[in-house]
Amino acid sequence: MSSNGFLDTPELLAFRAQVEAFLAAHWKPVKGPERAAHERAFRLLATEHGYLYRNVPKVYGGSEQPADILKAQIIQQVFNRARAPMEVPGVGYGMLVPTLLGCGEEWQKLQFVPPTLSGEIRWAQGYSEPNSGSDLASIRTKARLEGDEWIIDGQKIWSSGADKAHYLFMLARTEPEASKHAGISYLLVDLRQPGVTIRPLRQINGSEEFSEIFFDGARTPANWIVGQRGEGWKVSKTTLSAERAGFIGAAEGSVTLHRKLVELAERCQYNGRPAIEEPRIRDRLIVLEGMVSAHYHNMQRQFAQRLAGQDAGSVALMNKLIVTRIAAEVADIARDVLGDDFMLSPFGREAEAGPEKWLNQYLGSLGIAIAGGTSNIQRNVIAERGLGLPRDPAMAS
Ligand SMILES: Cc1cc2nc3c(=O)[nH]c(=O)nc-3n(C[C@H](O)[C@H](O)[C@H](O)COP(=O)(O)OP(=O)(O)OC[C@H]3O[C@@H](n4cnc5c(N)ncnc54)[C@H](O)[C@@H]3O)c2cc1C
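Reading the values: the criteria
- Residues numbered from 1 in each chain as written.
- Predicted model: local features only at pLDDT ≥ 70, side-chain atom pairs only at ≥ 80, totals over all residues.
- Near = placed C-beta within 6 Å.
- Helix = DSSP H or I, 4+ residues; strand = E, 2+ residues; numbered from the N terminus.
- Nonpolar A, V, L, I, M, F, W, Y, C, P; charged D, E, K, R; others polar.
- Domains from an automatic or database assignment.
- Core = buried A, V, L, I, M, F, W, Y, C linked by C-beta atoms within 7 Å.
- Buried ≥ 20, exposed ≤ 12 C-beta atoms within 10 Å, placed from the backbone.
- Contact = placed C-beta atoms within 7 Å.
- Pairing = 2+ DSSP bridges.

Caption draft 1: Representation of the site of the ligand in the model. By nearness alone, 20 residues border the ligand, and Tyr 127, Gly 133, Ser 134, Thr 374 and Asn 376 come closest of all. Those elements that place two or more of their residues in the shell around the ligand are strand S1 (123-126), strand S3 (149-160) and helix H13 (375-386). Per-class residue counts for the shell around the ligand are seven nonpolar, twelve polar and one charged. Each of two domains, domain 2 (123-230) and domain 3 (239-396), supplies a minimum of three residues to the shell around the ligand.

Shown next as structure tokens:
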């Protein structure tokens, strides 16, 4: 599925050759303590050549290239194949940077975007609270302005990577008198201060990827607010659409996952022959291939709508749902292929070193259906805003 006709024009083939030549000249993997510095230097060079951070202006550390979905796809394919690092992963570039570029003040962009792109500073997202996930506008964490600082009290939960992050972008209730949605502001907070306690949560797969965060008189400067007071709900929409758009990158991931699953079915025995030869498994793999192909092309539809300046909202939500289904289906087929060995495959951190990550894939697929908005919520939004169906009566009151 790497070649789909669109990418085979003479101009794009020449571009692909240029990216391949760049990697051949400048990228080789390094292990051990020098790896981080090596990758940082490579990212800088790749940005100077216009391959990374293409949507970010040069003044903030990006390469400021014209939007071109086909070239972006080629870069992703060639970099993935060479196992070369792309943009720094995480919510900093994925979510905060688009929000600052869209809604931030000039000094905020200059201060926060460049070190986020270089990986010097890491961010976490503080939206969810113990009783506010899907109904995010019901958050209760408060921030009040005292002199030139916000004082924050309350609790966040499920904050991915918070224990390793330097800063948090968060939603807090700043206008207690205002209506639910109008009383929220979008604040940036330094996590390394006495008023903040971070407690990692142990997950079903044994790792600790997200944390609870407790705020007890935590402080942040008055001007570390993105957008105006009480406009945090509107600002957060930018962040959420960036999060859901992030799932489109997962189309390449789905293709890779499918390929690895086929390889697994070729290697494993099932009823005395390679699993790939078992009709039941073959059928499921073929249906999955159809889903992956649909996802791949729907992703291009989303890119194309964005480029044409159209609202890609519903298509982006559909893509998130497709990613979720593919992740679950891959895990289910792997479980079928591996049989009892599925439960013996490496688990949690151990799996990072091992060749089989199928049990982790299964457990992780449960989380994808929740992260960034649950599948139920996505379906409701597609139905109501995308298709114009009446509101869910249970939610209308
Ligand atoms: C892997 C992972 C990473 C995450 N990372 C972060 C992060 O970094 N920062 C952060 O702030 N949060 C994060 N979250 C939290 C995530 O955003 C919330 O878990 C999610 O929004 C759901 O909220 P909830 O857990 O409170 O569930 P609830 O909202 O209580 O939902 C429970 C169930 O009820 C259903 N439901 C609720 N309301 C409706 C409705 N109106 N109609 C139909 N069904 C409904 C849901 O679909 C779900 O099945 C992460 C979650 C996961 C799994």
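Caption draft 2: Representation of the nonpolar core within the structure. With 54 residues, the main nonpolar core has Trp 123, Leu 168, Leu 187 and Val 189 as its most contacted residues. Broken down by element, the residue count for this core peaks at seven residues, all from helix H4 (residues 91-103). Both domain 1 (6-87) and domain 2 (123-230) contribute no fewer than three residues apiece to this core. Apart from the residues lying within four places of it in its own chain, the contact partners of Val 189 are Ile 152, Tyr 167, Leu 168, Met 170, Ala 218 and Thr 220. Residues Ala 251, Val 292, Ala 312 and Ala 327 belong to the second largest nonpolar core, which totals 30 residues.

Caption draft 3: View of the pairing of strand S7 (residues 210-221). Of the strand pairs in this sheet, S3 and S7 are connected by ten bridges, and their pairing is antiparallel. What sits directly across from Gly 154, in S7, is Phe 215. Relative to S7, strand S6 (residues 196-201) is paired through six bridges, and the arrangement is antiparallel. Residue pairing in the sheet places Ile 198 in a bridge with Ile 213 of S7.

Caption draft 4: Geometry of the domain arrangement of the chain. On domain assignment, one finds that the chain holds domain 1 (6-87), domain 2 (123-230) and domain 3 (239-396). On a C-alpha basis, the centroid separation for the pair domain 1 and domain 2 is 34 Å.

Caption draft 5: Quick peek at unusual backbone geometry. Positive phi is not limited to glycine here, since Tyr 53 has a value of about 50°. Examined against the element boundaries, Tyr 53 turns out to sit in the loop between helix H2 (35-48) and helix H3 (69-82). Of note in the backbone geometry, Arg 83 takes a positive phi value of approximately 55° without being a glycine. Among the secondary structure elements, Arg 83 is positioned in the loop between H3 and H4.

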